[in-house]
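# Structure at a glance
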Amino acid sequence: MVKFLRMLAISAREGTATRKYPFESSLVTPEFRGRVDIDPAKCVGCGACVRICPPSALTLNYESDEVVLKYFIGRCIFCGMCAYVCPQDAITITKEFELATPELNDLYDEVVHTAVKCNVCGKPFTTVKLVKEVEKRIDGGDMSPLFNTCPECRRKLTARRVGSGVTGVSVE
Amino acid sequence: MSALSSDGLDGLTNGPLEEAFKRLKRSVWVFHLNTGSCNGCDIEVLDVLTPYFDVERFGIKLVGSPRHADLILLTGPVTIKTLSKVIKAIKAMPRPRLILALGSCAVGGGIWFNTYSTLGGYPKLEEVLKKVGVEVDKVVYVPGCPVRPEAIIYGAAVLLGLLQPKVTHRRMVAVEG
Ligand code: SF4
Ligand code: SF4
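The numbering scheme is per chain: residues are counted from 1 as the chain's sequence reads. As a convention, the first chain written is A and the first ligand written is 1, with the rest following in written order. The model is predicted, so local features are restricted to residues of pLDDT at least 70 and side-chain atom pairs to those at 80 or more, both for listing and for counting; the totals for chains, interfaces and linings are taken over all residues. Hydrogens and water are ignored here; the side-chain numbers use all heavy atoms of the structure.

## Topic: the overall build of chain B
Applied cut-off: Helix and strand definitions follow DSSP, with helices as H or I runs of at least four residues and strands as E runs of at least two, each counted in order from the N terminus. Only protein chains enter the area calculation, which uses a 1.4 Å probe; residues under 20% of their type maximum are buried, those over 50% are exposed, and those in between are partly exposed. By definition in these notes, contact holds between two residues if any of their heavy atoms fall within 4.5 Å. The Shrake-Rupley method, run with a 1.4 Å probe, gives the accessible areas here. Residue values count only the displayed protein chains as cover.
A count of helical and extended segments in chain B gives 6 helices and 6 strands. The order of helices and strands in chain B, counted from the N terminus, is α-β-α-β-β-α-β-α-α-β-α-β. Reported as C-alpha extents along the three principal axes, the dimensions of chain B are approximately 50 × 45 × 35 Å. Considering chain B as a whole, with its 177 residues, one finds that 53% of them fall into the buried category. Looking at chain B alone, contacts between residues at least 24 apart form 76% of all its contacts between residues at least 6 apart. Within the structure as shown, chain B displays about 8300 Å² of accessible surface, and the carbon and sulfur contribution to it stands at 58%.

## Details of the overall build of chain A
Threshold: What the globule rule says is 2.2 Å times the number of residues to the power 0.38, and the radius of gyration is computed from C-alpha atoms.
Helix and strand counts for chain A come out as 5 helices and 6 strands. Ordered by position from N to C terminus, the α and β elements of chain A give α-β-α-β-β-α-β-β-β-α-α. Here chain A has a C-alpha radius of gyration of 26 Å; the compact-globule value for 172 residues is 16 Å, and the former is much larger. When its C-alpha atoms are laid out on the principal axes, chain A stretches across 100 × 30 × 25 Å. The buried share of chain A, reckoned over its 172 residues, is 38%. Look at the contacts in chain A between residues 6 or more apart in sequence, and 64% of them connect residues 24 or more apart.

## Observations regarding the environment of A:T59
Residue and element names in this part refer to chain A. With respect to the helices, strands and loops of the structure, T59 is situated in strand β2 (residues 58-62). On the accessibility criterion, T59 (30% relative accessible area) is partly exposed. In this structure the C-alpha to C-alpha distance between T59 and I38, which are 21 residues apart in sequence, comes to 13 Å. Once residues within four sequence positions are removed from consideration, T59 is found in contact with V50, V68, L69 and K70.

## Describing a nonpolar patch on the surface
All names here are of chain A. What counts here: Distance thresholds for patches are 9 Å for like charges and 5 Å for nonpolar side chains (Val, Leu, Ile, Met, Phe, Trp, Tyr), applied to residues having over 30% relative accessible area and no salt bridge. Criterion for a salt bridge: a side-chain nitrogen of Lys or Arg within 4 Å of a carboxyl oxygen of Asp or Glu.
A contiguous nonpolar surface patch, about 570 Å² in accessible area, is contributed by M1, V2, F4, L5 and L8. Along the polypeptide, L8 turns up in helix α1 (residues 2-14). L8 sits in the partly exposed class, given a relative accessible area of 43%.

## Thoughts on the sheet that holds strand β4 (residues 98-102) of chain B
All names here are of chain B. What counts is decided by this rule: In short, DSSP must find at least two bridges between two strands for them to pair.
The 5 strands are arranged β2-β1-β3-β4-β5 in an open sheet whose pairing can be described as parallel. Looking at which strands have only one partner, the edges of the open sheet turn out to be β2 (61-62) and β5 (138-142). Bridge analysis of strand β1 (residues 29-34) against β2 gives 2 bridges, and the strand direction is parallel. Each bridged residue has a counterpart across the sheet, and for V30 the counterpart in β2 is L62.

## Here's the deal with the interface of chain A and chain B
Heads up, the condition is: The term polar contact refers here to a pair of N or O atoms within 3.5 Å; inside protein, the definition further demands a hydrogen-donor-capable atom paired with an acceptor-capable atom, and it admits residues adjacent in sequence only when both atoms are side-chain atoms. The residue classification treats Ala, Val, Leu, Ile, Met, Phe, Trp, Tyr, Cys and Pro as nonpolar and Asp, Glu, Lys and Arg as charged. All others, Gly included, are polar.
Listed as interface residues are 48 residues of chain A and, on the opposing side, 43 residues of chain B. Put simply, chain A and chain B have 5 salt bridges between them. Where B:R170 meets A:D37, a salt bridge forms, and the shortest distance between an N and an O atom there is 2.7 Å. On inspection of chain A and its partner chain B, the count reaches 25 residue pairs in polar contact (both at pLDDT 80 or more). Secondary structure elements with two or more residues in the side of chain A that touches chain B: β1 (36-38), β3 (66-72), β5 (108-117) and α4 (128-138) of chain A. Ranked by residues supplied to the side of chain A that touches chain B, first place goes to β5(A) with 7 residues. Broken down by class, the residue content of the side of chain A that touches chain B amounts to 27 nonpolar, 8 polar and 13 charged. One ladder, built from 4 bridges, connects β5(A) with strand β6 (residues 170-173) of chain B; its direction is parallel. Paired with A:D109 across the strands is B:R170, a residue of β6(B).

## Description of the site of ligand 1
Formally: The criterion for a residue being near a molecule or strand is simple. One of its heavy atoms has to lie within 4 Å of it.
Taken together, the residues surrounding ligand 1 are A:C43, A:V44, A:G45, A:C46, A:G47, A:A48, A:C49, A:L69, A:C86, A:P87, A:Q88 and A:I91. Taken together, the residues of the shell around ligand 1 sort by class into 9 nonpolar, 3 polar and no charged.

## Side note on the packing of aromatic side chains
Just so we agree on the cut-off: Pairing of aromatic rings covers Phe, Tyr and Trp, the last counted by its six-membered ring, and requires centre-to-centre distances within 6.5 Å; plane angles under 30 degrees mean stacked, over 60 mean edge-to-face, and any other angle means tilted. In this scheme, Lys NZ or Arg CZ marks a charge over a ring once it lies within 6 Å of the ring centre and within 35 degrees of the ring normal.
Counted under the stated rule, the structure contains 4 aromatic pairs over all chains. An angle of 90° between the planes, with centres 5.9 Å apart, marks the rings of A:F32 and A:F97 as edge-to-face. In this pair, A:F32 is assigned in the loop between α1 and β1 and A:F97 in the loop between β4 (91-93) and β5, connecting sequence segments 65 residues apart. With relative accessibility at 16%, the residue A:F32 sits in the buried group. With a relative accessible area of 8%, A:F97 lands in the buried category. Sitting over the face of the ring of B:F113, A:R75 holds its NZ or CZ atom 3.9 Å from the ring centroid. Positioned above the aromatic ring of B:W29, the side-chain terminus of B:K61 is 4.4 Å from the ring centre.

Here it is in structure tokens:
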């Protein structure tokens, strides 16, 4: 009984502990990481975020004329690595966590890029924006003739060039 | 609440189930089903049940058996080991069966989405449930790693049709400069 009275005094002093959410705003600390937001104006489709993303929530899908960067919120672990690694600062970590939905499709974000097709084999392999960005950063250089060639074909071309340089025989 | 709506019955079309779902809005009994999660989400579920977030405000109460439950709080990526028990638990629930898939694991498999020992979240489990003929009336996906207690409350409100979901599918075209 005495214990109970003591409790009454404590509860009178402390007041109500229960939070009123959803009728009030939630406790969001400055360090809190919610879903990420990709800025389609800044993203060049380099795929750095895709490589670092631990659960592959971000994927690059090569379609015939498009390269689509897909973000599946339902698999994201909100680690923020993509924002850290993005060379264009296109990714921002938002405080958004109210992501519940009955529709799985609602949890997808897509950034659509125009694809560059390899001038040798015709396969889409990168984005127009990325080629432009690389051109800007390395300022031409002797790579420019190979800009529109996919890595695989580029390897073959280089091997041929080196091979014919060494042996003096042109390989076709 | 101004956002109150009667919409929330998309999965329920036949009469008696719809009626049952309407009655459900007042007080939902939940069963916590861990399908092999890391316990992060489970601890957040506990948080929701403590006086701090106090979901009994909405009549939500934790029960010890799926036979008494209206809603399953499903956490984890559904490991192969737990699969048979998960199906049994869901089957034991009376209709309308509601499921709240909590956390990145339950929604999309999380970091375990393509490992050999897990199914990869609720969407994959749903396929199995269809095959064995267990019907689930409504599912709400709640991403988060782990899900915040507030996100769970929000998810429950979306499931019961009290709040509208905020996220939508976005397809943005990269601007070329
Ligand atoms: S790292 Fe940045 S620029 Fe590269 S694809 Fe990802 S969002 Fe786009
Ligand atoms: S926050 Fe982490 S898990 Fe989410 S998209 Fe970025 S890298 Fe992937």
